[in-house]
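Spelled out from the first residue to the last, the chains are:
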Amino acid sequence: MTEQGDAPERWYEAGDPDDFQVFFDDLGRELELFRRVHPGHVFKPNHQRFWELVAKKKGNMEPETRTWARILLGMPGNPTVYVKQSAKVSREITLNEDETRQLIGWPPPP
């Protein structure tokens, strides 16, 4: 995310493969400081973990429910992810810093 002024307003559609990949690309850039602390570890997008965390916090998910994600900037290297769904399931959820890091493949194996 190069323009921080736009970051809080950018929602990525998780059901759109291209937009979802842009979300992970932007999240990886925001977590660059965190990634530098663990040189040699290969971080990669973990789409499955995203859906597991959403299901865990929301309960059962319906396949037709549209889902969006937003990156909330915090301290450098500590963004969190906000998730919302269509009006049918209107409550928003927040993934904490550790859960957000899991989306790029954290924690690394021991």
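An account of the accompanying structure is given in this report.

## Considering the nonpolar core
Soluble globular proteins tend to pack their nonpolar side chains together in the buried interior. By size, the foremost hydrophobic cluster in this structure holds 20 residues, and its most contacted members are Phe23, Leu27, Phe50, Val81 and Leu103. Within the residue set of this core, elements represented by two or more residues are helix 1 (17-30), helix 3 (47-58), strand 2 (67-72), strand 3 (80-85) and strand 4 (93-95). With 4 residues, helix 1 is the largest single contributor of residues to this core. Excluding its chain neighbours within four sequence positions, the residues that come into contact with Leu27 are Ile71, Pro79, Val81, Thr100, Leu103 and Ile104.

## Details of the pattern of salt bridges
Taken as a whole, this structure holds 7 salt bridges when the rule is applied. For Arg10, the salt bridge identified is with Asp19, shortest N-O distance 2.8 Å. Of the residues examined, Arg10 reaches a relative accessible area of 29% and is grouped as partly exposed. As a salt-bridge pair, Arg101 and Glu97 come within 4.0 Å of each other at their nearest N and O atoms. With Arg101 and Glu97 both in helix 4 (residues 97-102) and 4 residues apart, this pair spans about one turn of that helix. In this structure Arg101 comes out as buried when scored by relative accessible area, which is 13%. Overlapping salt bridges bring together Glu97, Asp98 and Arg101 as one network.

Cut-offs and rules
- Residues numbered from 1 in each chain as written.
- Predicted model: local features only at pLDDT ≥ 70, side-chain atom pairs only at ≥ 80, totals over all residues.
- Heavy atoms only, no water.
- Core = buried A, V, L, I, M, F, W, Y, C linked by side-chain atoms within 4.5 Å.
- Buried < 20%, exposed > 50% of the residue type's maximum accessible area, 1.4 Å probe, protein only.
- Helix = DSSP H or I, 4+ residues; strand = E, 2+ residues; numbered from the N terminus.
- Contact = heavy atoms within 4.5 Å.
- Salt bridge = Lys/Arg side-chain N within 4 Å of Asp/Glu carboxyl O.

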